[in-house]
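Structural description and commentary
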Amino acid sequence: MTVKLNPNEVVLKAGDTNQVVDNKTVEGKLIVTNQRIYFKTLKEDLQKFNLEILFENILEVVFYKNGLFAPKGINVVTRDGQNHAFPLKNRDEIGQLINRMY
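Read on for a plain summary of the structure.

**Details of the pairing of strand β2 (residues 24-33)**
Taken together, the 10 bridges between strand β1 (residues 11-21) and β2 define a ladder with antiparallel strand orientation. Paired with Ala14 across the bridge in β2 is Ile31. In this structure, the hairpin formed by β1 and β2 is closed by a connection of two residues, where Asp22 is found at a positive phi of approximately 50°. By the bridge criterion, five bridges tie β2 to strand β3 (residues 36-41) in an arrangement that is antiparallel. Across the sheet, Lys29 pairs through a bridge with Lys40, a residue of β3.

Structure below.
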């Protein structure tokens, strides 16, 4: 899996996660750069779930935890009203990084 970076774009943080789409879980990697957020799937046949979010399109980042033993993560709300949920072990670190960028 490779991500084509723009000139002067640097990867700040990356981690394994899932994207929750219509109650369906898609395994992949969340990559935060100094210009945008990428979600890349691990399987070639699920490329339609690849996602790119520019920081100027982010309205809000919501931290969530569903229960005592349930996964915690972030929910990225974009200006067009879409919600993108990402369960993350290092939710606080990545969420704070994204909050500083937009």
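**Side note on helix α1 (residues 91-101)**
For α1, the full list of buried residues reads Arg91, Ile94, Gly95, Leu97 and Ile98. For α1, the angular spread of buried residues about the axis comes to 160°, placing them on one side. Of the surrounding elements, those touching the buried residues of α1 are β1, β2, β3, β5 (58-65) and β6 (72-78).

**Structural notes on the nonpolar core**
Membership of the largest hydrophobic core comes to 19 residues, with the highest contact counts inside it found for Leu30, Ile37, Ile58, Ile74, Phe86, Ile94 and Ile98. Secondary-structure elements contributing two or more residues to this core are β2, β3, β4 (51-54), β5, β6 and α1. When neighbours within four sequence positions are excluded, Phe86 is seen to be in contact with Thr17, Asn18, Gln19, Leu30, Phe39, Leu51, Tyr64, Gly73, Ile74 and Val76.

**What to know about the pattern of salt bridges**
Evaluation of the coordinates by the stated rule reveals five salt bridges. The shortest N-O distance in the salt bridge between Arg36 and Glu9 comes to 3.1 Å. Taken as a pair, Arg36 in strand β3 and Glu9 in the segment before β1 lie far apart in primary sequence, 27 residues in all. Like Glu9, Arg36 is buried. A salt bridge links Glu93 to Lys13; the shortest N-O distance between them is 2.4 Å.

**Focus: the side chain of Thr33**
Within the fold, Thr33 resides in strand β2. The class for Thr33 is buried, based on a relative accessible area of 0%. For Thr33, the side chain forms a polar contact with the side chain of Glu9, separated by 2.7 Å. Of the polar contacts made by the side chain of Thr33, one reaches the backbone nitrogen of Gln35; its length is 3.1 Å. Excluding residues within four positions of it along the chain, Thr33 makes contact with Leu5, Glu9, Val10, Val11, Leu12, Tyr38, Phe55 and Met101.

What counts and what doesn't
- Residues numbered from 1 in each chain as written.
- Predicted model: local features only at pLDDT ≥ 70, side-chain atom pairs only at ≥ 80, totals over all residues.
- Heavy atoms only, no water.
- Pairing = 2+ DSSP bridges.
- Helix = DSSP H or I, 4+ residues; strand = E, 2+ residues; numbered from the N terminus.
- Buried < 20%, exposed > 50% of the residue type's maximum accessible area, 1.4 Å probe, protein only.
- Arc of directions from axis to C-beta.
- Contact = heavy atoms within 4.5 Å.
- Core = buried A, V, L, I, M, F, W, Y, C linked by side-chain atoms within 4.5 Å.
- Salt bridge = Lys/Arg side-chain N within 4 Å of Asp/Glu carboxyl O.
- Polar contact = N/O pair within 3.5 Å; in protein donor to acceptor, adjacent residues only side chain to side chain.

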